[in-house]
Amino acid sequence: MKKKIVVTGAGGFIGGHLVNDLRQQGNTVRAVDIKPLEEWYQRFEDVDNLQLDLDLRESCHKAVAGMEIVYNLAANMGGMGFIEHNKALCMLSVLINTHMCIAANEADVDRYFFASSACVYNADKQRDRNVVALKEEDAYPALAEDGYGWEKLFSERMCRHFREDYGLTTRVARYHNVYGPEGTYTGGREKAPAAICRKVIEAKLSGTHEIEIWGDGQQTRSFMYIDDCLKGTQMIMESDILEPINLGSSELVTINHLVDITEDVAGIKVKRRYDLGAPKGVNGRNSDNTLIQNYLGWEPSIRLRDGMERTYAWIYDQMTSNQPAIA
Ligand code: NAD
C-alpha cells in the first residue's frame, strides 16, 4: 500500500538513498534536511523537499504534518574523528529526537522509525579486537560512546517511553557502520570505508602510493552496504519488533584488511603510515545477528568486496570528474 512518508536527514547519505527507494515504490515522500537544497547528496523533483532545522519543535510539526510514516534519520554526526571532537554537538541531536517524537505523537502518525547506532554499546564489551559480536542486551549496563552514543541511547529510550506511555508505534534499528556511494568522503565527517577509498585514490592519482591509517590497523569492524541498510530499515519498520535491534553486517574485518580490499579494487599497493595518536574508536566491534535472523529470517549479506567496489567507483568518479588521472 502506498503511504505518505517523511524522511528526515534526507540531504544526507542514508536519508537520500531511502527517499529514492521509497519514491520508486510509489509512495508520496517528503524529504527534510537542515542543509540548503543544493548541498543535498541526492534530490528528486517528484518529492516535497523541505529545508528545516529540526532542532526546533515547530519545524518538526511542519515536517510530519499530513504524513503517516516517519523515518527520523537526521543527526549531527560523522566518523570517529568527528564524534570524538564534537561531543556537545552530537548530544544536541537530542533536540531533533525529542521534538520529532512529540510532533509525530501529536500528529498521530502510524509508525515512527529512529536510526540508532552500534555506538550505544558498552565500551567494556569492545576492548578486545578478537570480538564477541554484540547482542542487543550488551547496551546495558550503559557505558556508551561518549557524546554521540549516549544521545542515541537516551533517544532510544524516549522512543520506548513514547510507545509505552502514549501509544506511538516506534521502531529502532542500531546501525553498524553503513557505507556506499552518494555519501561523505571528505571534509572531516567521513567514515573509514569512504576515507580509505579517498586516500587510496589520492595516492593513486598523485603517484605517492602512501596512505595514513588511524590507529594500528588491527582494530576490527563490520561494514554494511547501503542496499542492505535500506532493506533492513524498511523490514524493521514493518515488523512487530518493539525493542532496538542490530542492523549490521557480521563480516568482521580489520582496518588493514579493509585497506587490502581497497588496494585490490584500485589495482595498486600502498605504503601504510600508522597514526597511533589519531581517533580510532573501540578496538573491536561486530554485530550479533541472532535476533534479526529470528525475527526476519534475514540479515545483511552483501560482501564487503562487492560494496567497496561500487563505493570506490563512485568516489573515484567524484574525485576525477574535474581532473585527469595521473597513474
Ligand atoms: P549524514 O550526516 O549523511 O546525514 C544526516 C543528515 O541529518 C545530514 O544531511 C544533516 O544535514 C541532517 N541534519 C543534521 N542536523 C539537522 C537538523 N537540526 N535538522 C534537519 N536535518 C539535520 O548521516 P548518515 O550516515 O546518513 O546517517 C543517518 C542516520 O543514521 C543518523 O541518525 C546517524 O546517526 C545514523 N547512523 C549512521 C551510521 C553510518 O554508518 N552512516 C551508523 C550508525 C547510525
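Located above this text is the structure these notes cover.
Residues numbered from 1 in each chain as written. Predicted model: local features only at pLDDT ≥ 70, side-chain atom pairs only at ≥ 80, totals over all residues. Heavy atoms only, no water.

A. Region of interest: empty space enclosed by the protein. In this structure the tally under the stated criterion is one cavity of 30 Å³ or more. Quantified by volume, the largest cavity comes out at close to 30 Å³. Along its surface, the largest cavity is lined by Glu156, Cys159, Arg160, Arg163, Thr170, Val172, Leu242, Glu243 and Pro244. If you list the elements that add at least two residues to the lining of the largest cavity, you get helix H6 (148-166) and strand E6 (170-175). Of the residues that constitute the lining of the largest cavity, the class distribution is four nonpolar, one polar and four charged. (1 Å grid on protein atoms, 1.4 Å probe; cavity = no way out; pocket = protein on both sides within 12 Å on 5 of 7 lines; lining within 4 Å. Points joined across faces, edges and corners; volume = space filled by probe spheres on them. Helix = DSSP H or I, 4+ residues; strand = E, 2+ residues; numbered from the N terminus. Nonpolar A, V, L, I, M, F, W, Y, C, P; charged D, E, K, R; others polar.)

B. Structural view of the site of the ligand. Looking at the ligand, there are 26 residues lining it, with Ile14, Asp33, Tyr148, Val178 and Lys191 nearest. The separation between a nitrogen atom of the ligand and a polar side-chain atom of aspartate 53 is 3.0 Å. Aspartate 55 has a polar side-chain atom sitting 3.3 Å from a nitrogen atom of the ligand. Notes on the ligand: free accessible area 810 Å², of which the protein chains cover 94%. Elements represented by at least two residues in the shell around the ligand include exactly helix H1 (13-24), strand E5 (111-117) and H6. Per-element tally for the shell around the ligand: the top contributor is E5, with three residues. Tallied by class, the residues present in the shell around the ligand amount to 14 nonpolar, six polar and six charged. (Near = heavy atom within 4 Å. Polar contact = N/O pair within 3.5 Å; in protein donor to acceptor, adjacent residues only side chain to side chain. Areas by Shrake-Rupley, 256 points an atom, 1.4 Å probe, with all protein chains shown as cover.)

C. Molecular detail of the packing of helix H2 (residues 57-64) against helix H5 (residues 93-106). Contact pair H2 / H5: the axes reach a minimum separation of 8 Å and the direction vectors enclose 45°. When the interaxial angle is binned, H2 and H5 end up oblique. Considering the relative orientation of H2 and H5, their crossing is right-handed. Contacts between H2 and H5 involve Arg57, Cys60, His61 and Val64 on the former and, on the latter, Ile96, His99, Met100, Ile102, Ala103, Ala104 and Glu106. Broken down by class, the residue content of the contact of H2 with H5 amounts to seven nonpolar, two polar and two charged. (Axes fitted to C-alpha atoms, helices over the stretch in contact; angles between N-to-C directions. Parallel < 35°, antiparallel > 145°, perpendicular 65-115°, else oblique. Left-handed = near helix turned anticlockwise from the far one by under 90°. Contact = heavy atoms within 4.5 Å.)

D. Summary view of the nonpolar core. Counting residues in each nonpolar core, the largest one holds 61 residues, and the members touching the most others are Tyr71, Phe113 and Tyr175. When residues of this core are assigned to domains, at least three fall in each of domain 1 (4-178 + 223-247) and domain 2 (180-221 + 252-286 + 303-320). Every residue in contact with tyrosine 175, bar those within four places of it in the chain, is listed here: Ile14, Phe113, Ala115, Ser116, Ser117, Ala118, Met224, Cys229, Thr233 and Leu247. Judged by nonpolar contacts, the second largest core, of 24 residues, contains Cys60, Val70, Cys101 and Phe114. (Core = buried A, V, L, I, M, F, W, Y, C linked by side-chain atoms within 4.5 Å. Buried < 20%, exposed > 50% of the residue type's maximum accessible area, 1.4 Å probe, protein only. Domains from an automatic or database assignment.)

Interpretation in functional terms is not warranted from these geometric data alone.
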